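Topology and contacts: notes
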Amino acid sequence: MLRKILLAPYYLTLKLRHALYDKGIWKVRTCKVPTICVGNITAGGTGKTPHTEMILRTLLSSHEWGKRDIAVLSRGHKRSSWGFQQVTRDGRAAIFGDEPLQMKKRFPVVTVAVDRNRVEGCDLLCHPEKLKTSRRARKCIDKDFKPADLIVLDDAFQYRSLKAYFNIILVDYSRPTYKDNLLPFGRLRDLPERLHHADIIVITKCPHYLEDEQKIRWAEAFGLKGYSTETCRGTDRKGAEKTLLFSSINHCPLKPVFEKADPRYSYSKKIILFSGIAKDTPLRMHLSDTYKIVRHFKFPDHHKYNRWDIAKICRASREHPTAVIATTEKDSQRLLDLKNVPDTLQERLFQVPIEVCFLSDHEKEVFETTLLTALRNFRA
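The residue numbering used here restarts from 1 in each chain and proceeds along that chain's sequence as written. The predicted nature of this model means local features are confined to residues of pLDDT at least 70 and side-chain atom pairs, given and counted, to a pLDDT of 80 or more, with totals for whole chains, interfaces and linings taken over all residues. The side-chain numbers reported here are obtained from all heavy atoms of the structure, hydrogens and water having been left aside.

With respect to the state of the cysteines
Pairs of cysteine sulfur atoms within 2.5 Å are what we label disulfides. Following the criterion strictly, the structure yields zero disulfides and no others. There is no disulfide at Cys140, and the cysteine sulfur nearest it, in Cys122, is 15 Å away. Working definition: with a 1.4 Å probe on protein chains only, accessible area under 20% of the residue-type maximum means buried, over 50% means exposed, and in between means partly exposed. What makes Cys140 buried here is its relative accessible area of 7%. Distance from the sulfur of Cys232, which forms no disulfide, to the nearest cysteine sulfur (Cys206) is 12 Å.

Structure below.
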């Protein structure tokens, strides 16, 4: 009861904010091209970046969008630059943010941009000729890209000034929203009922297999009636049909961070792990199946590494001279910004790329069909 009383001002503020947008008192804009929002209502850790990459793979492999100009727009969390920037493959995480840089390296044919103002960012992606006169783009490093035919919005569900055409909302399997609380007593940064504004809800970081009964219980907990594992759809309290899917993480083989890396270290039986992500438990569990984790360093999400951090890791490497050193793909983008990383560390440092997949080929087909059908029905 005390917790509800203390959270009441935050709850009422969120209710008022959404009401002002829903009733049109605060202006809501749309984009001239279809926009796909990948978001959540939880503060971090639901897997937005790998799911955004999965969406890009779906679009690029489709007949309708494979040869079109696709863009990704992100805020670029903790970047040092201002305004609109097009991300370049040889750029720095400090300028663009680690996640946008990672996506650009994985998908070089996709235009990746960062802008805190999503409305103007979308407008510039659709009209690159405006870069010459836009105040927000005056410091843009690379202004050469084609107008976007579709924009994927990374983490824009709370950005109510821009209404996305299609919303994909992620929920962490280990932290269901109906069992969580608003910040600071929980991890929710938005109202749980906002989940019903999603077109597709994806339960992420699931075990690789779930019984149909478990999936049905999830649907019931979210207020979806008549959920069928055949259609992967149920009906919410307002009578709208919602798609509920389940995904898990696949950890890929170790990949060198630096060119000097010696691949023989990957065959070690010991590993030193460090990361600066919201939740590294799945990574630790995966690595512990193959390696003995002799040291583990946990840094804050989007941590900017410095020489003292490197010195700490180097000390651990001297204590365990045969151990391989591993981090996440996202962390590696920030590490590449550092100067004077010792050769002894570069030789032993590897990243663990991840990809997401649905729990069955049927769910994958439902996702692709639902998304691509919605895009075919888009009207500007």
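Comments concerning the pattern of salt bridges
The term salt bridge refers to a side-chain nitrogen of Lys or Arg lying within 4 Å of a carboxyl oxygen of Asp or Glu. Taken as a whole and judged by the stated rule, the model has 24 salt bridges. Across the pair Arg68 and Asp149 runs a salt bridge whose closest N-O atoms are separated by 3.5 Å. Of this pair, Arg68 sits in the loop between α2 (48–60) and β2 (70–74) while Asp149 sits in the loop between α5 (118–126) and β5 (150–154), and the two are 81 residues apart along the sequence. On the basis of relative accessibility, which here comes to 40%, the residue Arg68 falls in the partly exposed class. In this structure Asp149 comes out as partly exposed when scored by relative accessible area, which is 23%. A salt bridge links Asp337 to Arg92, with the shortest nitrogen-to-oxygen separation between them at 4.0 Å. Strands are runs of DSSP state E lasting at least two residues, helices are runs of H or I lasting at least four, and both sets are numbered from the N terminus onward.

Some remarks on a negative patch on the surface
Any residue with relative accessible area above 30% and no salt bridge may belong to a patch, with like charges joined within 9 Å and the nonpolar Val, Leu, Ile, Met, Phe, Trp and Tyr side chains within 5 Å. Residue exposure ignores everything except the shown protein chains as possible cover, and the areas themselves are Shrake-Rupley values with a 1.4 Å probe. His residues and chain termini do not enter the charge count, which takes Lys and Arg as positive and Asp and Glu as negative. To locate a charge, take atom NZ for lysine, CZ for arginine, CG for aspartate or CD for glutamate. Residues Glu211, Asp212, Glu213 and Glu230 make up a contiguous surface patch of negative charge. If you trace the backbone, Glu211 turns up in the loop between β7 (200–204) and α6 (212–221). Judged by relative accessible area, Glu211 falls into the partly exposed class, the value being 38%.

Notes on the sheet that holds strand β12 (residues 270–275)
Here, a strand pair is defined by DSSP locating no fewer than two bridges between the strands. In spatial order, the strands read β11-β15-β14-β12-β13; together these five strands make up an open sheet with mixed pairing. Only two strands of the sheet have a single partner each, and these edge strands are β11 (255–256) and β13 (292–298). With six bridges connecting them, β12 and β13 associate as parallel partners. Residue pairing for β13: Ile272 is matched across the bridge by Arg295.

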